[in-house]
Number of protein chains: 2
Amino acid sequence: MSRDEFTFIAEVLAPLAAGMPGALGLADDAALVACPPDRELVVTKDALVLGVHALPDDPPDLVARKLLRVNLSDLAAMGAEPLGYLTALLRPRELEDAWLEAFAAGLAEDQQRFGLGLLGGDTVATPGPFAATLTAIGTVPRGRVLRRRGARPGDDLWVSGTLGDAALGLRILRGLAVPDEDAGPFVQRYRLPEPRLALGVALRDLARAVVDVSDGLLQDLDHLCRASGVGARIELARLPVRAAARAIPGWREAALAGGDDYELLFAAPPEVRGRIAELSARLGLPLTRIGTVVTGSGVEVRDEAGRPVTPATTGFRHF
Amino acid sequence: MSRDEFTFIAEVLAPLAAGMPGALGLADDAALVACPPDRELVVTKDALVLGVHALPDDPPDLVARKLLRVNLSDLAAMGAEPLGYLTALLRPRELEDAWLEAFAAGLAEDQQRFGLGLLGGDTVATPGPFAATLTAIGTVPRGRVLRRRGARPGDDLWVSGTLGDAALGLRILRGLAVPDEDAGPFVQRYRLPEPRLALGVALRDLARAVVDVSDGLLQDLDHLCRASGVGARIELARLPVRAAARAIPGWREAALAGGDDYELLFAAPPEVRGRIAELSARLGLPLTRIGTVVTGSGVEVRDEAGRPVTPATTGFRHF
């Protein structure tokens, strides 16, 4: 038995908006957002299609949390702090209420964790697979937003966390055999990325250019380089890759071109290396210097012996 | 031949963002929105699935314009003026570039007409039908937003334009036979609603409660009544229905319960009847008094002879 639209909104979605006065109880045509006078708003919008961006049998709460976190990662890359979100759900008629309730429970868990709430949205029927889009709204002090542009030759290139885990997690979910004790962390990284919000805020004082690694290191670094009008040289040996990953064939490709890690990649002048080390310690998050910004254009990768590497693939394409 | 993702963004979407500095050329992870200090933001999000909310052979530019206008109608109902929008496109792999280019051309036409621009979004592949969601952002002077709540017993109930046209247009597109000279205007209303933005702005000074008629008069009036804690009595004979519509069987149901008209329904005290008449003349838009707000709850419809009518259906349900 499926709830009707208005019961679904009242029982499943309205509780997600309870902490947001501007949501107006999801009972109006739109929501209100009051922006503090010394800040500006940062908005981003990402979509997820079940079977394309998440596996059909992924737990629905994790599907929801990933969708939210992917958007929060965009806010993190801009140095913004989350405020609220809107979501549109495309619902196949055969989809059980229980699946959507679990999806909403995932949103509830993460919106509490990351300090935001539901502002509004839409739920419609579709003959296609379940899909959802989410618009996240954050704020940043006026004039302090972080951009992809701004990197200068001589800057260090840094990346947070570890690379390639999510791509290996997806391969494991698709059948790649690895020792049982190794599988969990990779799958977890694929299903539940960690938006680096605190890092993004701290980078307002340290970084010249930032991008999140959503489509793969090489591709996102290329975006940063193009936006900044520079080139980059990175060293394969420096890439932060978990020891368990190095035992899996294809780990280099995963680290260079695998998507879905949602780490932050940033350029910063060498003078702040010490402060970045302190920040890493304070956040309990590895920050690894992987290369250098250079004049020119393009991304050059050097292997352990210093030889240029030509990767087989440069990253995820959405279509 | 299909453009790749980044070429598509650069060639088809980026021009839509050209007038929006906060869009950052669609080349960053998110967009910036600076809210004027004396205003607050109004945000809304609606979704469209081809084959559900638009017909598969509807012209793509009109599909896009309808999606944008449906969102703008939500802003109108809140008394807000449009600022910008984000859109997520779910693209079947077999969909031609030309279809998407025409879709974007529709957005270009209407964003110019209504004074807003693209801020960002996402384009992803889907095995389902084409779908799109759109998040519209508007602004309203601080504290002046219009709500569904606020209607008081004794208020007049007004509606703009005419009712039922879009529902009849959809029936015509599905095969209902009407004289050729009559079909065009109905189909036009279904495909290309007119968001009542200027009316919404003017109603800030006149209306106590407003809703847009998206799901059908009775259903949206019921929303307004519930939000306001009142009931309503409307007169069938007063409903603004085009003469050509009255020749089509089922016109009463279309006027009472047909969706997609996107007129504004509002409650206002009798003292402002004269000012509403002046507003109607100034906008060149019929504003018709269709009934009265009463104490209690529920919506009562009276027919031409003053007898209560029980409608067969009360409006569109999304699922």
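The residue numbering used here restarts from 1 in each chain and proceeds along that chain's sequence as written. Both sets of labels track the order of writing: A upward for chains, 1 upward for ligands. For this predicted model, a pLDDT threshold of at least 70 governs which residues receive local features, and a threshold of 80 or more governs which side-chain atom pairs are given and counted, while totals over whole chains, interfaces and linings are taken from all residues.

A. Representation of the overall build of chain A. When you go through chain A residue by residue, the secondary structure sums to 10 helices and 12 strands. The globule rule is 2.2 Å times the number of residues to the power 0.38, and the radius of gyration it is compared with is taken over C-alpha atoms. A compact globule built from 319 residues should have a C-alpha radius of gyration of about 20 Å, and chain A, at 20 Å, falls within 12% of that. When its C-alpha atoms are laid out on the principal axes, chain A stretches across 65 × 50 × 35 Å. For chain A, with 319 residues in total, the buried portion stands at 56%. When contacts within chain A are restricted to residue pairs at least 6 apart in sequence, those whose partners lie at least 24 apart make up 86%. Secondary structure elements are taken from DSSP: a helix is a run of H or I of four residues or more, a strand is a run of E of two residues or more, and numbering for both begins at the N terminus. Here exposure depends only on C-beta density: within 10 Å of a residue's C-beta, 20 or more other C-beta atoms make it buried, 12 or fewer make it exposed, and intermediate numbers make it partly exposed, the C-beta atoms being placed from the backbone. C-beta atoms are first placed from the backbone for all residues, and any pair lying within 7 Å is then listed as a contact.

B. Structural detail: the pairing of strand β9 (residues 263–268) of chain A. Residues and elements named next belong to chain A. Counting buried positions over the six residues of β9 gives six, a clear majority of the element. With burial as the criterion, each face of β9 is covered, one bearing Glu-263, Leu-265 and Ala-267 and the other bearing Leu-264, Phe-266 and Ala-268. Whether two strands pair comes down to DSSP finding at least two bridges between them. Sheet topology places strand β6 (residues 156–160) next to β9; four bridges connect them, and they run antiparallel. In the sheet register, Asp-156 faces β9, and the bridge partner there is Ala-268.

C. Structural context of the packing of helix α4 (residues 165–173) of chain B against helix α5 (residues 180–191) of chain B. All names here are of chain B. Under this scheme, a helix contributes an axis fitted over its contacting stretch, all axes are lines through C-alpha atoms, and angles between N-to-C directions fall in the 0 to 180 degree range. The interhelical angle for the contact between α4 and α5, taken along N-to-C directions, is 110 degrees, at an axis separation of 7 Å. When the interaxial angle is binned, α4 and α5 end up roughly perpendicular. Seen from α4, the contacting residues are Asp-165, Ala-166, Leu-168, Gly-169, Leu-170, Ile-172 and Leu-173; seen from α5, they are Ala-183, Pro-185, Phe-186, Val-187, Arg-189 and Tyr-190. Polarity classes work like this: nonpolar for Ala, Val, Leu, Ile, Met, Phe, Trp, Tyr, Cys and Pro, charged for Asp, Glu, Lys and Arg, and polar for all others, with Gly in that last group. Class assignment for the residues of the contact of α4 with α5 results in 10 nonpolar, one polar and two charged. Every angle not falling under 35 degrees, over 145, or within 65 to 115 is termed oblique; those three ranges are roughly parallel, roughly antiparallel and roughly perpendicular.

D. Inspection of the packing of helix α2 (residues 60–77) of chain A against helix α3 (residues 97–114) of chain A at higher detail. All names here are of chain A. α3 packs onto α2 with a crossing angle of 40 degrees between their chain directions and a minimal axis gap of 7 Å. Overall, the two elements α2 and α3 adopt an arrangement that is oblique. Between α2 and α3 lies a crossing of right-handed hand. In this structure, α2 contributes Pro-60, Asp-61, Leu-62, Val-63, Ala-64, Arg-65, Leu-68, Arg-69 and Leu-72 to the contact, and α3 contributes Trp-99, Ala-102, Phe-103, Ala-105, Gly-106, Leu-107, Glu-109, Asp-110 and Phe-114. Crossing handedness follows the turn of the near helix against the far one: under a right angle anticlockwise gives a left-handed crossing, and clockwise gives a right-handed one.

E. Looking closely at the relation of the copies chain B and chain A. Mapping chain B onto chain A leaves a residual RMSD of 0.0 Å; the transformation is a rotation of 180 degrees accompanied by 0.0 Å of translation along its axis. Those values place the two copies in the arrangement expected of a two-fold rotation axis. Across chain B, the rotation axis passes nearest the C-alpha of Gly-128 of chain B, at a separation of 2.0 Å. A least-squares superposition brings the copies together, and it is based on the C-alpha atoms of residues with pLDDT no lower than 70 in both.

F. Local environment of the environment of Glu-263 of chain A. Residue and element names in this part refer to chain A. Looking at the secondary structure, you find Glu-263 in strand β9. Glu-263 gets classed as buried once you count the C-beta atoms within 10 Å, which come to 31. As for Glu-263 and Val-159, which are separated by 104 residues in sequence, their C-alpha atoms are 6.7 Å apart.

G. Highlighting the domain arrangement of chain A. Residue and element names in this part refer to chain A. Domain delimitation in this document rests on an assignment produced automatically or drawn from a domain database. Domain parsing of chain A yields domain 1 (5–141) and domain 2 (156–309). For domain 1 and domain 2, the distance between their C-alpha centres works out to 27 Å. On the domain 2 side, the residues contacting the 18 residues of domain 1 number 18 residues. Take the side of domain 1 that touches domain 2: its biggest share by element is 11 residues, from α2. Considered class by class, the residues forming the side of domain 1 that touches domain 2 number 10 nonpolar, two polar and six charged.

H. Broad picture of the interface of chain B and chain A. In this complex, chain B contributes 57 residues to the contact, which on the side of chain A involves 57 residues. If you list the elements that add at least two residues to the side of chain B that touches chain A, you get β1 (31–33), β2 (39–49), α2 (60–77), β3 (81–92), β4 (117–126), β5 (131–141) and β7 (209–212) of chain B. The element best represented in the side of chain B that touches chain A is β2 of chain B, accounting for nine residues.

I. Region of interest: α2 of chain B. All names here are of chain B. For α2, which comprises 18 residues, the first-to-last C-alpha distance of 26 Å matches the rise-based estimate of 26 Å (1.5 Å per residue) to within 8%. The buried fraction of α2 is high, at 18 of 18 residues. Looking at the residues trailing α2, positive phi occurs at Gly-79, about 75 degrees. Expected helix span is computed as 1.5 Å times (number of residues minus one).

J. Fine view of the sheet that holds β9 of chain A. Residues and elements named next belong to chain A. Taken together, the seven strands give an open sheet; going across it, the order is β7-β9-β6-β10-β8-β11-β12, and neighbouring strands pair in mixed fashion. Edge positions in the open sheet fall to β7 (209–213) and β12 (308–309), since each of these has one partner strand only. Examined bridge by bridge, strand β11 (residues 298–302) and β12 share two bridges and lie antiparallel to one another. When the bridges of β12 are listed, Val-301 appears paired with Val-309. With respect to the sheet, α2 is in contact with β7 and β9, its orientation differing from that of β7 by roughly 165 degrees. In the packing of helix α7 (residues 217–228) onto the sheet, contacts are made with β7, β8 (231–235), β9 and β11, and the angle to β7 comes to roughly 155 degrees.

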